[in-house]
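Single-letter residue listing:
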Amino acid sequence: MSSKVIYEGWMVRYGRRKIGRSFIHMRYFVLESRLLAYYKRKPQDNQVPIKTMLIDGNCRVEDRGLKTHHGHMVYVLSVYNKKEKYHRITMAAFNIQEALIWKEKIELVIDQHQGSEVSNGNRYTSFEYKSGMDNGRTASSSDHESQFSAQEDEDDAAHPNLLRRTTIGNGPPESIFDWTREIDSDLSNQNINNQAFSRKLWRLLQCQNGLRIFEELLEVEYLPRSCSRAMKAVGVVEASCEQIFELVMSMDGTRWDCSFQYGSLVEEVDGHTAILYHRLQLDWFPMAVWPRDLCYVRYWRRNDDGSYVVLFRSREHENCGPQPGYVRAHVESGGFNISPLKPRNGRPRTQVQHLMQIDLKGWGVGYVSSFQQHCLLQMLNSVAGLREWFAQSDERNAPPRIPVMVNMASASVSSHKNQKLHEPSVHFDSSANRNSVMIDEYSDEDEEFQIAEAEQEAYRNGQENEMKKIEEEPTVQIDLSCFSGNLRHDDRDNARDCWKISEGNNFRVRSKHFCYDKSKIPAGKHLMDLVAVDWFKDTKRMDHVARRQGCAAQVASEKGLFSFIVNLQVPGSTHYSMVFYFVTKELVPGSLLQRFVDGDDDFRNSRLKLIPSVPKGSWIVRQSVGSTPCLLGKAVDCNYIRGPKYLEIDVDIGSSTVANGVLGLVVGVITTLVVDMAFLVQANSTDELPERLIGAVRVSHIELKSAIVPKLEPDPS
């Protein structure tokens with residue numbers, strides 16, 4: 001007789017290898033009345049699981065908090081038996097709601113067996129099955145990842161019904177003042193970290209944007225002029241505590257507050273504590289006042305009543321030194337208190353308190369009193385931003401992310417003359433649906449990228465005439481035999497270290513009616529022909545590659561053809577460049593492409609779009625790269641070189657920390673990847689629609705050693 005399934009579904013297997021690198025795999029978990037097991041695929045019939053664990057009254061569920069893997073945030077649970085602590089299963093979810101559901105279900109099974117002894121003759125035994133990709137290694141080094149509290153046994157002996165649902169981690173760092181406990185009178189007589197917990201007195205300062213803004217009534221006689229009084233904003237958001245908490249914790253393109261410019265992870269201390277870097281975007285005379293940045297420690301916990309607490313306090317870090325062009329502000333105390341309210345009309349409601357006491361530093365702050373308060377109010381307005389984000393956004397399924405920063409120590413900061421001080425985030429974030437997450441990191445199943453059949457059918461029915469018009473356009477045949485590049489052209493599906501033209505229908509672009517219904521269609525034919533691809537390397541960055549004698553652009557110019565050149569520059573100890581040459585007979589006067597080629601750099605930066613995808617490769621790379629269109633000029637530095645018969649675009653991927661992080665992930669496994677890239681000019685008005693691809697390319701299993709050192713002619717400029 002089979003056991004009853006209590007709960008099942010896809011979760012993340014999280015762990016850390018012996019070499020120290022973390023990993024995450026998608027696994028299908030099944031919780032039965034006595035067993036927790038996981039499988040590589042959804043189990044059928046009598047399929048053997050990869051690993052099982054007997055659940056009895058001696059088991060515990062340990063909250064491991066928030067972990068970051070290549071920018072992806074996962075919430076980790078560790079299930080173990082206190083009698084056999086090294087035999088355990090570590091599981092995680094991309095959102096905290098799912099992690100809490102699993103925690104509750106497992107603890108429910110544990111409670112049912114509380115106090116029961118497991119007999120030696122029990123037919124349930126825990127085991128690990130090494131199959132397929134798992135062969136040759138143990139369950140995971142994550143099974144030996146951490147030491148458990150030495151008080152575990154004593155606590156359980158003294159309190160057999162001990163609550164296991166509080167998620168506080170190791171508690172806040174000593175430097176952080178927990179202002180959310182200031183109203184607890186029980187703490188007023190305790191000396192915790194030498195802090196005096198006393199009830200602060202607040203006065204209502206103003207009401208704006210649906211928020212109540214309070215200011216602290218100081219109990220001290222002196223406060224530096226540059227340091228603000230503590231202020232807090234209180235508002236109600238129609239969303240669950242979990243949804244708001246995840247949005248507060250993210251530091252990517254889903255940010256909602258206007259004071260946030262850029263943020264990244266400096267160091268992950270543990271599952272509840274991290275050190276972050278944050279650039280503020282303040283609109284108080286930005287031409288005269290230097291921008292501010294922060295380096296601070298962030299701690300979070302979930303209370304038994306379902307509320308969340310997030311605390312901030314500035315601190316120094318060796319990898320996050322002062323940045324040129326920025327003033328390092330100091331957060332004395334701050335954070336969020338996210339508490340559930342009674343639902344109204346079936347919709348969840350949450351009270352959000354945002355407190356901040358900050359010293360913005362700088363010589364001018366003490367002389368202009370309005371500067372400090374204006375900037376502080378701008379930051380507190382993020383609560384209103386939260387409310388509006390949930391009121392207007394239906395796309396809440398994208399997993400939140402925290403970009404990982406590079407070493408920013410002062411000694412490593414380059415000081416070239418034209419260094420960019422403002423670094424935008426790169427929108428390579430994945431908007432992939434749930435199904436794309438099911439692909440295993442080391443799966444042998446490489447699926448071809450294609451638009452879902454149902455979507456294709458809808459496009460065919462709704463946009464048939466539009467596509468026919470594009471397909472029936474007369475084409476000018478170009479003799480491609482005279483063009484060549486050092487990267488081999490091979491149209492076979494299983495070819496390696498080569499390129500081929502990617503089918504236009506693999507990509508979706510804006511339709512003729514996009515302005516009205518936001519519809520997209522398969523791209524169809526390209527505007528230009530891809531004739532050659534070069535793969536270069538050198539000790540320095542390679543700019544203006546069109547000056548190389550005999551390159552495809554020069555051959556095209558001799559034949560009276562126009563070339564569109566994209567030079568993707570990959571930084572590193574060895575610099576690489578992948579150069580794509582697209583040619584056409586002539587540019588249509590007045591067309592969007594012609595306006596782009598002859599326009600100024602601001603217009604080009606606002607229109608040049610890349611659509612990436614990884615049809616073959618590990619799911620982690622797919623998740624990082626995604627398939628979301630990206631405006632290249634807004635994400636990274638692009639240098640445009642207009643020649644007599646060509647336009648070259650040098651795309652410096654190293655100009656963005658976020659893009660560099662994604663690139664570091666891709667370059668490490670580049671020989672295992674098949675990457676599609678489509679280039680187009682974004683259409684913003686009805687007379688520019690539908691969008692058309694300039695061209696698209698697929699590069700397969702590229703080898704770094706196949707790159708050559710180019711011989712570039714002296715640049716006339």
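Residues numbered from 1 in each chain as written. Predicted model: local features only at pLDDT ≥ 70, side-chain atom pairs only at ≥ 80, totals over all residues. Heavy atoms only, no water.

Identification of the protein as Protein ENHANCED DISEASE RESISTANCE 2-like from Cannabis sativa is taken from an unreviewed UniProt entry. Under the UniProt heading Subcellular location (unreviewed entry), the entry covering the protein gives this text: "Endoplasmic reticulum". (UniProt positions renumbered as here; feature names shortened; annotations may be inferred.)

Participant: Please clarify how the sheet that holds strand S27 (residues 637–642) should be interpreted in this entry.
Facilitator: Note: strands within a sheet are paired through backbone hydrogen bonds, in either parallel or antiparallel orientation. With mixed pairing, five strands are arranged side by side in an open sheet as S22-S24-S23-S28-S27. The sheet terminates laterally at strand S22 (529–538) and S27, the two strands that pair on one side only. Averaged over neighbouring strand pairs, the angle between their axes works out to 15° when direction is ignored. Relative to strand S28 (residues 646–652), S27 is paired through six bridges, and the arrangement is antiparallel. Looking across to S28, one finds that arginine 642 is bridged to leucine 647. (Pairing = 2+ DSSP bridges. Helix = DSSP H or I, 4+ residues; strand = E, 2+ residues; numbered from the N terminus. Axes fitted to C-alpha atoms, helices over the stretch in contact; angles between N-to-C directions.)

Participant: I keep staring at empty space enclosed by the protein and nothing clicks. Help me out?
Facilitator: Using a probe with the size of a water molecule, rolled over the atoms, empty space left in the structure can be pinpointed. In this structure the tally under the stated criterion is seven cavities of 30 Å³ or more. Computed from the structure, the largest cavity encloses a volume of approximately 500 Å³. Lining the largest cavity are 27 residues, with Leu568, Ile653, Leu663, Val666 and Met677 sitting closest to its centre. If you list the elements that add at least two residues to the lining of the largest cavity, you get strand S23 (562–570), strand S24 (575–584), strand S25 (608–616), helix H15 (657–668) and strand S29 (674–681). With five residues, the single largest contributor to the lining of the largest cavity is H15. Of the residues that constitute the lining of the largest cavity, the class distribution is 26 nonpolar, one polar and no charged. If you add up the space inside the second largest cavity, you get close to 230 Å³. Considering the residues around the second largest cavity, the lining is formed by 19 residues, among which Arg255, His278, Tyr296, Phe312 and Met356 are closest to the centre. If you list the elements that add at least two residues to the lining of the second largest cavity, you get strand S12 (273–280), strand S13 (292–302), strand S16 (330–344) and strand S17 (347–359). Tallied by class, residues from the lining of the second largest cavity come to twelve nonpolar, four polar and three charged. (1 Å grid on protein atoms, 1.4 Å probe; cavity = no way out; pocket = protein on both sides within 12 Å on 5 of 7 lines; lining within 4 Å. Points joined across faces, edges and corners; volume = space filled by probe spheres on them. Nonpolar A, V, L, I, M, F, W, Y, C, P; charged D, E, K, R; others polar.)

Participant: Please clarify how the pairing of strand S5 (residues 59–69) should be interpreted in this entry.
Facilitator: Walk down a regular strand and you will see the side chains alternate between the two sheet faces. Counting buried positions along S5 gives nine out of eleven residues, so the element sits mostly inside the fold. Pairing between S5 and strand S6 (residues 72–81): ten bridges, direction antiparallel. Looking at S6, one finds that threonine 68 is bridged to methionine 73. Hairpin geometry of S5 and S6 is characterised by an intervening segment of two residues between the two adjacent antiparallel strands and by a positive phi of about 50° at histidine 70. (Buried < 20%, exposed > 50% of the residue type's maximum accessible area, 1.4 Å probe, protein only.)

Participant: Even after reading the chapter, I still don't get the sheet that holds S29, so can you show me in this structure?
Facilitator: Read from one edge to the other, the open sheet built from six strands follows the order S18-S19-S30-S29-S25-S26, with strand pairing classed as mixed. Here the strands that pair on one side only, and so sit at the sheet edges, are strand S18 (488–489) and strand S26 (630–631). By the bridge criterion, seven bridges tie S25 to S29 in an arrangement that is antiparallel. In the sheet register, lysine 616 faces S29, and the bridge partner there is valine 674.

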